Amino acid sequence: MKYKIIRSKRKTIAIQVTAEGVLVRAPERMTEKAIRRYVEENRDWLLAHVKRMEERQKSQPPVEKLSLEEIRKLADQATRVIPERVKHYASLVGVTYGRITIRNQKTRWGSCSAKGNLNFNCLLMLTPPEVIDSVVVHELCHRKEMNHSKAFYAEVRRVYPDYDRWNQWLKENGGALMRRMTG
């Protein structure tokens, strides 16, 4: 089975099945042999998820791809909108943050680095404003909890009580938006 390895400063190994293929996220020092063994140990799970992804892709209607010009305009808009939302919610969460970067990604809506730098997907500009706020709050709350624990989600919901509603909207509609990304 083919897979791409992404090494980082993480402590654990994880497998992710995406429309682009299988990603294995591994700690920097993990050996190739240990990675192969982990993939082999999870082969049944992996094959089932690959099959499910293939079936999902077949059943999805085609989407109109965004042009590079459209993506640039979304990124420009995001550069104006998202920093204001971050500034607003950072005070409510009670955290500071570093650099804000707008990206055009196919798999993530946002991320927060250990240094407090925030990344957001320009495709958020195609979502309702409430979705943008829910992603902003999610990433800012990682400044307090760099995980997805109960404590993390309690903080997210404290700051943004409608989080679950808009997170569900993103789960239901986000895939179609991500498929519009060119390249």
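Refer to the structure presented above.
Residues numbered from 1 in each chain as written. Predicted model: local features only at pLDDT ≥ 70, side-chain atom pairs only at ≥ 80, totals over all residues. Heavy atoms only, no water.

(A) Fine view of helix H1 (residues 32-41). Three or more residues of H1 are buried, namely Ala34, Ile35 and Val39. Buried residues of H1, seen end-on, are gathered within an arc of 135° and therefore sit on one face of the element. For H1, the exposed residues set more than 90 degrees away from the buried face come down to Lys33 and Glu41. Among the structural elements, strand E1 (4-8), strand E2 (14-18), strand E3 (21-27) and helix H2 (43-59) are those in contact with the buried residues of H1. (Buried < 20%, exposed > 50% of the residue type's maximum accessible area, 1.4 Å probe, protein only. Helix = DSSP H or I, 4+ residues; strand = E, 2+ residues; numbered from the N terminus. Arc of directions from axis to C-beta. Contact = heavy atoms within 4.5 Å.)

(B) Expanded view of the pattern of salt bridges. Evaluated as defined, the whole model comprises eight salt bridges. With a shortest N-O distance of 2.8 Å, Asp133 and Arg85 are connected by a salt bridge. Of this pair, Asp133 sits in helix H4 (residues 129-141) while Arg85 is found in helix H3 (residues 68-93), placing the two residues 48 residues apart along the sequence. Here Glu155 makes a salt bridge to Lys144, at a shortest N to O gap of 3.1 Å. Of the two residues, Glu155 sits in helix H5 (residues 150-159) while Lys144 sits in the loop between H4 and H5, which places them 11 residues apart along the sequence. We classify Lys144 as partly exposed; its relative accessible area is 43%. (Salt bridge = Lys/Arg side-chain N within 4 Å of Asp/Glu carboxyl O.)

Remember, this is a structural readout, not a statement about activity or role.
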